[in-house]
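Architecture and fold: a report
Single-letter residue listing:
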Amino acid sequence: MMNFDLNEHPHRRYNPLSGEYVLVSPHRMKRPWQGQVEKKDETVRPKYDPKCYLCPGNERAGGEKNPQYESTYVFTNDFAALKEDVPSGSIEKGNLIRAQSEKGICKVICFSPRHDLTLPQMETTAIVKVIELWQKEYEELGSHPEINYVQIFENKGQMMGCSNPHPHGQIWAQSTVPLEPAVVGKHQGDYLQKYGNSLLADYIQLEQEEQERIVLENEHFITLVPFWAVWPFETMLISKRHIQNILQFTEEEKQAYAEMLKQLTILYDNLFETSFPYSAGIHQAPTDGLEHKEWHFHHHFYPPLLRSATVKKFMVGYEMLGDPQRDITAESSAERLRSLPSVHYKDA
Ligand code: H2U
């Protein structure tokens, strides 16, 4: 009988943050690359678009006018999914029908006044301003007595349902901790209690020993394709220091975080020479007033692309009914990302 080999044989990988599994089928894609590569995306967008609802000075759908902002700009979402003025209440019928009202605040953050830029093309100093706005919003929203969790995220690209190419992200803050962070918090808590250490601090150490899945590393942060990644080029950017939230960054860490966000998004754009779509977001401690020592700051990137600028991975069939599945291994994806040029293809 042959020995089990992660690069040869179908296997299930465990995600210690979520408790879920991913089915990996490396035999279906032994070579790191099989698909076509699209031509470079040479689309040029204007610096200012008079029809864009996020550009400075323009009117939004709700009738309000954006100021002539010069770096970042935040406003309350005109079509907010969560609202503050919701009556408290719940409905229960039998053992099976249950609902409870949910209070919250949704905001939109413009990363830059420039309509034509995205994070990889912005200066690091401008990305620092975005981080500072994330900090301000996490603190302010989190200080509301009825806001117990603040989700900062970015949907980039039409493929991810993003309605406007102007560089922007969103924040949804609410009274309940939603399922993903609740589960991740629980697993980090169980780990801390059992082993006396941060789950992600121990994981970083393992990855540094193995040197197989690391994509980028600087003094304060590490970006890797997690062993249990589901999306073909999924990554996690993790703070080396065991901190619970974005407010605990030192000035140096803030700078290093901005640099890594820029470097990572350049690699992504260079992979298929296109403005790389993704959903990305920060997972950090709830804002319910408790200490949450178990939490370790990290930023997820979930990009849908698989083979080229247009061919994405579908989460269908077995994946909707069984477990998520991938062919290309996390190790091959990390190797591909690592080997890409560090200069954006549009500047090369
Ligand atoms: P996307 O990043 O998913 O495209 O979302 C943009 C958000 O901007 C979306 O949530 C909001 C939408 O509700 N929006 C406004 O708040 N005002 C507008 O004038 C248009 C869009």
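Quick look at the overall build of the chain now. A tally of helices and strands in the chain yields 6 helices and 14 strands. Referenced to the eigenvectors of the C-alpha coordinate spread, the extents of the chain come out at roughly 70 × 55 × 45 Å. Looking at the 348 residues of the chain, the share that counts as buried comes to 51%. When contacts within the chain are restricted to residue pairs at least 6 apart in sequence, long-range pairs at least 24 apart make up 68% of them. Where the 36 positive side-chain charges of the chain centre and where its 48 negative ones centre are 5 Å apart.

Moving on, we get to the packing of aromatic side chains. Enumeration over the complete set of coordinates arrives at 19 aromatic pairs. Seen in terms of ring centroids, Tyr 268 and Phe 301 are 5.9 Å apart; in terms of plane orientation they differ by 50°. Their pairing is tilted. Here Tyr 268, found in helix α4 (residues 251-272), pairs with Phe 301, found in strand β13 (residues 298-302); they are 33 residues apart in sequence, far enough to count as distant. Residue Tyr 268 shares its accessibility class with Phe 301, and that shared class is buried. Across from the ring centre of Tyr 21, 4.3 Å away, lies the NZ or CZ of Arg 12, which sits over that ring. Taking NZ or CZ as reference, Arg 60 lies 3.7 Å from the ring centre of Phe 75, over its face.

On to the sheet that holds strand β9 (residues 214-217), then. A sheet is described by the order of its strands in space; here 9 strands give the open sequence β3-β6-β8-β7-β12-β13-β11-β10-β9, paired in antiparallel fashion. Each edge of the open sheet is held by one strand with a lone partner, namely β3 (73-76) and β9. Strand-to-strand, the axes of this sheet are offset by a mean angle of 20°, without reference to chain direction. As paired elements, strand β12 (residues 278-283) and β13 share 5 bridges and run antiparallel to each other. Within β13, the position partnered with His 283 by the bridge is His 298. Of the strands in this sheet, β7 (149-156), β12 and β13 are in contact with helix α2 (residues 179-195), which crosses β12 at around 50°.

What follows deals with the side chain of Thr 118. The topology assignment puts Thr 118 in the loop between β6 (104-110) and α1 (124-143). By relative accessible area, Thr 118 is classed as buried at 7%. Excluding its chain neighbours within four sequence positions, the residues that come into contact with Thr 118 are Arg 45, Lys 156, Pro 167, Asp 269 and Ser 275.

Turning our eyes to something else, we now look at the pairing of β13. Counting buried residues along β13, 4 of its 5 residues qualify, which places the element largely inside the surrounding structure. With 4 bridges joining them, strand β11 (residues 235-239) and β13 adopt antiparallel strand pairing. Pairing of Leu 237 across the sheet is with His 299, part of β13.

Take the environment of Ile 222 next. Along the chain, the position of Ile 222 falls in strand β10 (residues 221-224). For Ile 222, a relative accessible area of 0% corresponds to the buried category. Spatially, the C-alpha atoms of Ile 222 and His 144 are 32 Å apart, while their sequence positions differ by 78 residues.

Glancing now at the site of the ligand. Around the ligand sit 14 residues in total, of which Ala 61, Asn 77, Asp 78, Ser 163 and His 168 are the nearest. At 2.6 Å from a nitrogen atom of the ligand is found a side-chain nitrogen or oxygen belonging to Asp 78. Here an oxygen atom of the ligand and a side-chain polar atom of His 168 are 2.4 Å apart. For the ligand, the protein covers 87% of the area, taking 480 Å² as the surface of the free molecule. Residue composition of the shell around the ligand, by class: 6 nonpolar, 6 polar and 2 charged.

Take the sheet that holds strand β1 (residues 11-14) next. An order of β1-β2-β14 is seen for the 3 strands of this open sheet, with the pairing classed as mixed. Only two strands of the sheet have a single partner each, and these edge strands are β1 and β14 (325-326). In this sheet, strand β2 (residues 21-24) lies alongside β1 in antiparallel orientation, the contact comprising 4 bridges. Across the sheet, the residue bridging to His 11 is Val 24, located in β2.

To continue, consider the side chain of Gln 284. Here Gln 284 is to be found in the loop between β12 and β13. A distance of 2.8 Å separates a polar side-chain atom of Gln 284 from the backbone nitrogen of Ile 246. Residues contacting Gln 284, with those up to four places away along its chain left out, are Tyr 138, Tyr 149, Ile 152, Gln 244, Asn 245, Ile 246, Trp 295 and Phe 297.

Now for a nonpolar patch on the surface. Together, Phe 314, Val 316, Met 320 and Leu 321 give the surface a local cluster of nonpolar side chains, amounting to about 500 Å² of exposed area. You can see Met 320 is positioned in helix α5 (residues 318-321). Here Met 320 falls in the exposed class, since its relative accessible area comes to 64%.

What counts and what doesn't
Residues numbered from 1 in each chain as written. Predicted model: local features only at pLDDT ≥ 70, side-chain atom pairs only at ≥ 80, totals over all residues. Heavy atoms only, no water. Helix = DSSP H or I, 4+ residues; strand = E, 2+ residues; numbered from the N terminus. Buried < 20%, exposed > 50% of the residue type's maximum accessible area, 1.4 Å probe, protein only. Contact = heavy atoms within 4.5 Å. Lys, Arg positive; Asp, Glu negative; His and termini not counted. Charge placed at Lys NZ, Arg CZ, Asp CG, Glu CD. Phe/Tyr/Trp six-rings, centres within 6.5 Å; stacked < 30°, edge-to-face > 60°. Lys NZ or Arg CZ within 6 Å of the ring centre and 35° of its normal. Pairing = 2+ DSSP bridges. Axes fitted to C-alpha atoms, helices over the stretch in contact; angles between N-to-C directions. Near = heavy atom within 4 Å. Polar contact = N/O pair within 3.5 Å; in protein donor to acceptor, adjacent residues only side chain to side chain. Areas by Shrake-Rupley, 256 points an atom, 1.4 Å probe, with all protein chains shown as cover. Nonpolar A, V, L, I, M, F, W, Y, C, P; charged D, E, K, R; others polar. Patch = residues over 30% accessible without salt bridge, like charges linked within 9 Å, V, L, I, M, F, W, Y side chains within 5 Å. Salt bridge = Lys/Arg side-chain N within 4 Å of Asp/Glu carboxyl O.

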